[in-house]
Amino acid sequence: MPPIAKEQAAPVQQKNNHPPLPHADASALGQILQRYPLRIPSHWQRRIDWHNPQDPLLRQVAPTPQEAEKVPGFCSDPLGEEQVQPIPGLLHKYAGRALLLLTHSCPIHCRYCFRRHSNEAKPSPQSWQAAIDWIRQESSVREIILSGGDPLMVSDRVLRELTEQLAAIPHLQRLRLHSRMPVVTPKRIGNQMIQWLTGSRLAPIVVIHCNHVHELDAAVLHALRRLRQAGVLLLNQTVLLKGVNDSIEALAQLCEMLINHQIVPYYLHQLDPVAGAAHFQVPTVVARQLWLQLQRRLPGYAVPRLVWEQPGYPSKRLIELGEP
Ligand code: SF4
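Rules behind the numbers
Residues numbered from 1 in each chain as written. Predicted model: local features only at pLDDT ≥ 70, side-chain atom pairs only at ≥ 80, totals over all residues. Heavy atoms only, no water. Pairing = 2+ DSSP bridges. Helix = DSSP H or I, 4+ residues; strand = E, 2+ residues; numbered from the N terminus. Contact = heavy atoms within 4.5 Å. Axes fitted to C-alpha atoms, helices over the stretch in contact; angles between N-to-C directions. Disulfide = S-S within 2.5 Å. Buried < 20%, exposed > 50% of the residue type's maximum accessible area, 1.4 Å probe, protein only. Salt bridge = Lys/Arg side-chain N within 4 Å of Asp/Glu carboxyl O. pLDDT = per-residue confidence, 0-100. Phe/Tyr/Trp six-rings, centres within 6.5 Å; stacked < 30°, edge-to-face > 60°. Polar contact = N/O pair within 3.5 Å; in protein donor to acceptor, adjacent residues only side chain to side chain. Near = heavy atom within 4 Å. Nonpolar A, V, L, I, M, F, W, Y, C, P; charged D, E, K, R; others polar. Expected span 1.5 Å × (residues − 1).

### Thoughts on the sheet that holds strand S9 (residues 317-318)
Paired through their backbone hydrogen bonds, the strands of a sheet run either parallel or antiparallel.
Now for step 1: Reading across the sheet, the 9 strands line up as S1-S2-S3-S4-S5-S6-S7-S8-S9 and stay open at both edges, with mixed pairing between neighbours. Two strands close off the open sheet at either side, each with one partner strand: strand S1 (90-91) and S9.
Now for step 2: Pairing analysis gives 2 bridges linking S1 to strand S2 (residues 97-101), with the strands arranged antiparallel. Counterpart to Leu90 in the pairing with S2 is Leu100.
Now for step 3: Against the sheet, helix H5 (residues 156-167) touches S2, strand S3 (143-147) and strand S4 (174-178), its axis set at about 165° to S3.
Now for step 4: Sitting on the sheet, helix H9 (residues 248-260) is in contact with strand S5 (203-209), strand S6 (233-239) and strand S7 (264-269), with an inclination near 150° to S7.

Printed below as a string of structure tokens:
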């Protein structure tokens, strides 16, 4: 199998000619934006209510001076990912699965992102090659997860070559993609993308990341329907975020909309304690109450698992009723 092409062209055009952001005081935000720049794709921009500083989509992307505050327990690598890479850019945390970090680029910069401080070497098709060799030797791995950044920042041609290499590894059974792209830039879900994703012997799974029902407009639902009709299993993960979706109405509306479009509301994550995002944290006691209300309101299949991720555990941890 030839090595994967060097090209990593991002197919996404960014436009940042949006109305002014709240807290747009350059002196307060200068350093914050230097470390983690603003990125708001045009499709997302169009869905923001710019007259409402509390708009749930705006709050996810608008920087605030609170990001500069140092809060105990919040750090740059909250999941200890640097410790679980047998090969740089390959995470092996859980049995049977391995995760490939294809790129550090994203179509959007979510201000709560747990990888916002990632300063590892930029991944490239050359660095993936060592990871693929490792997977080939590790027969316990049955599922490969493409992540990043956002794996759909990589071109379809390169992703097709990568998928072909992975499909040639006999013990792999499933190909999972973690991407926010279907929600933030739905036009990225085109024929070529669907072809490489569904055209191999590996069972295709896409985990989208949607936090609020306003993210699911007609174009997004159309892109997701195309994936589903092509045979892709669709799951959603949501991060519980203060001021964005920390109400029973917001969560119930999101879960029902997902289920109505045959997307499984899979995980509701407690925020990973990443430096700069403490203002998004919802206390665990509140998270648990919200989850209990969801359970009372919705059928069981529409209620996501309430989880947090802690370094060193062999799986995500379910937040139990007695959790502090
Ligand atoms: S799309 Fe995902 S990886 Fe990228 S900034 Fe948002 S949360 Fe982080």
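### Remarks on the state of the cysteines
Now for step 1: With the rule as written, the count across this model stands at 0 disulfides.
Now for step 2: Free cysteine: Cys75, not disulfide-bonded; nearest cysteine sulfur from Cys113 at 13 Å.
Now for step 3: We classify Cys75 as partly exposed; its relative accessible area is 33%.
Now for step 4: Take Cys255: it sits in no disulfide, and the sulfur closest to it among the cysteines is that of Cys210, at 9.8 Å.
Now for step 5: Relative accessible area serves as the criterion here: at 4%, Cys255 is assigned to the buried category.

### Some details on the pattern of salt bridges
Now for step 1: The tally for this structure, following the rule as stated, stands at 14 salt bridges.
Now for step 2: Note that Asp217 and Arg47 form a salt bridge whose closest N and O atoms lie 3.8 Å from each other. With Asp217 in the loop between S5 and helix H8 (218-229) and Arg47 in helix H2 (residues 42-47), the pair connects residues that are 170 residues apart, well separated along the chain.
Now for step 3: Of the residues examined, Asp217 reaches a relative accessible area of 21% and is grouped as partly exposed.
Now for step 4: We classify Arg47 as buried; its relative accessible area is 14%.
Now for step 5: When the shortest N-O distance is used, the salt bridge between Arg116 and Glu67 registers 2.7 Å. A residue pair is termed long-range when its members are at least 10 positions apart, and Arg116 in the loop between S2 and helix H4 (125-137) and Glu67 in the loop between helix H3 (56-61) and S1 qualify at 49 residues.
Now for step 6: Of the residues examined, Arg116 reaches a relative accessible area of 10% and is grouped as buried.
Now for step 7: In this structure Glu67 comes out as buried when scored by relative accessible area, which is 7%.

### Points about the confidence of the model for the protein
Now for step 1: The share of residues in the protein with pLDDT of 70 or more is 92%, and the mean pLDDT across the chain is 91.
Now for step 2: Here residues 7-15 is a poorly scored stretch, pLDDT under 50, and it has 30 contacts once near neighbours within four places are set aside; other chains count.

### Details of the packing of aromatic side chains
Now for step 1: Summed over the entire model, instances satisfying the criterion amount to 2 aromatic pairs.
Now for step 2: Ring centres of Tyr112 and Phe280 lie 5.8 Å apart, and the angle between their planes is 85°; on these two criteria the pair is classed as edge-to-face. Placement of Tyr112 in the loop between S2 and H4 and of Phe280 in the loop between S7 and helix H10 (284-297) is noted, with a sequence separation of 168 residues between them. Both residues of the pair, Tyr112 and Phe280, count as buried.
Now for step 3: Ring geometry for Tyr266 and Tyr267: centres 4.0 Å apart, planes at 35°, overall tilted.

### Description of the side chain of Arg47
Now for step 1: Looking at Arg47, its side chain comes within polar contact range of the main-chain oxygen of Glu215, at 2.5 Å.
Now for step 2: Residue contacts for Arg47: discarding those within four places in its chain leaves Leu57, Val183, Val184, His214, Glu215, Leu216, Asp217 and Val220.

### Some details on the site of the ligand
Now for step 1: In the neighbourhood of the ligand, the contacting residues comprise Tyr36, Cys106, Ile108, Cys110, Cys113, Gly149, Arg180 and His209.
Now for step 2: When its residues are assigned to classes, the shell around the ligand shows 5 nonpolar, 2 polar and 1 charged.

### Quick look at H9
Since there are 3.6 residues in each turn of an α-helix, residues three or four apart along the chain are aligned in direction.
Now for step 1: Over its 13 residues, H9 extends 18 Å from the first C-alpha to the last, a length consistent with the 18 Å expected when each residue adds 1.5 Å.
Now for step 2: Positive backbone phi, approximately 60°, marks Gln262, located one or two places after H9.

### Let's talk about unusual backbone geometry
Now for step 1: Between Gly148 and Gly149 the backbone carries a cis peptide bond, its omega angle lying at 20°.
Now for step 2: Summarising the element assignment, Gly149 is placed in the loop between S3 and H5.
Now for step 3: Positive phi, normally seen in glycine, also occurs at Gln262, with a value near 60°.
Now for step 4: Within the secondary structure, Gln262 sits in the loop between H9 and S7.

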